[in-house]
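Structural description and commentary
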Amino acid sequence: AACETKVSNPQAEAAASSAAPAAEAASVATEAAAPQTLTSRDNAVSVSVSGNFQDQSGNAALLPEGANAEEVTLLQRDDDADITLSVTDLGKPAKPAKDYYAGLKSALEAGGLADLKVGAATENRMDYSFSYPDGGGENCIAIYHPENLYTVCAASATAAAPQLADTLKDVKLLKKAM
């Protein structure tokens, strides 16, 4: 995957070929795309990613649609990959997991989202993805815990669905002190 990332970043390659200091900087930037483990502000969810994600918790423009800053417990952005990663705490579930996931699937299907794919729900998670009309899209995981619902999403205006899915390949619900 690291080789694919290097090849799919023409800006870094162009910068690297322009001058020796730029080549060194691009090399350092590529090395900085080492694995990172990002943890939500409430220490409830961790996401292990590769890339150069930076905290954007103060950037209201990047908040997921319909979410406020208090609900979003992780907001990170990798400008090079054009991916925004978010964790949203939706509060305590009002329904059992099976009912919650059935309702979420129905709402997603009724939302008229392009290229919607909804994975099978397990007892505590369901994956879904969709495309934006102008390109890019979102891959999300809805996580059910008896005390909290979380939505973890990777979104981009330009990144392909497999790249977004790869961003979410290692998401963990951490044990919370309750």
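Residues numbered from 1 in each chain as written. Predicted model: local features only at pLDDT ≥ 70, side-chain atom pairs only at ≥ 80, totals over all residues. Heavy atoms only, no water.

Reading across from one edge, E3-E4-E5-E9-E8-E7-E6 is the order of the seven strands in this open sheet, with antiparallel pairing throughout. Here the strands that pair on one side only, and so sit at the sheet edges, are strand E3 (54–55) and strand E6 (114–118). Bridging between strand E8 (residues 137–145) and strand E9 (residues 148–156) involves nine bridges; their strand directions are antiparallel. The residue of E9 that forms the bridge with Glu138 is Ala155. (Pairing = 2+ DSSP bridges. Helix = DSSP H or I, 4+ residues; strand = E, 2+ residues; numbered from the N terminus.)

Our next topic: the nonpolar core. Val45, Val47, Leu85, Val152, Leu168 and Val171 are the most contacted members of the largest nonpolar core, which has 19 residues in total. Among the secondary structure elements, those contributing two or more residues to this core are strand E2 (45–50), strand E5 (83–91), E8 and E9. Val45 has contacts with Leu38, Thr39, Ser40, Val87, Tyr150, Val152, Val171, Lys172, Leu173 and Leu174, leaving out every residue within four places of it along the chain. Membership of the second largest hydrophobic core comes to 13 residues, among which are Ala97, Leu104, Phe130 and Tyr144. (Core = buried A, V, L, I, M, F, W, Y, C linked by side-chain atoms within 4.5 Å. Buried < 20%, exposed > 50% of the residue type's maximum accessible area, 1.4 Å probe, protein only. Contact = heavy atoms within 4.5 Å.)

Glancing now at the pattern of salt bridges. Inspection of the entire model under this criterion finds five salt bridges. Residue Lys172 is joined to Asp170 by a salt bridge in which the shortest nitrogen-to-oxygen separation is 2.7 Å. Salt bridges linked by common partners bring Arg77, Asp79 and Asp82 together as one network. (Salt bridge = Lys/Arg side-chain N within 4 Å of Asp/Glu carboxyl O.)

Take the side chain of Ser40 next. Inspection of the secondary structure puts Ser40 in the loop between strand E1 (35–39) and E2. A polar contact of 3.1 Å, which involves the side chain of Ser40, links it to the backbone nitrogen of Ala44. Setting aside residues up to four positions removed in sequence, Ser40 forms contacts with Val45, Thr73, Leu74 and Val87. (Polar contact = N/O pair within 3.5 Å; in protein donor to acceptor, adjacent residues only side chain to side chain.)

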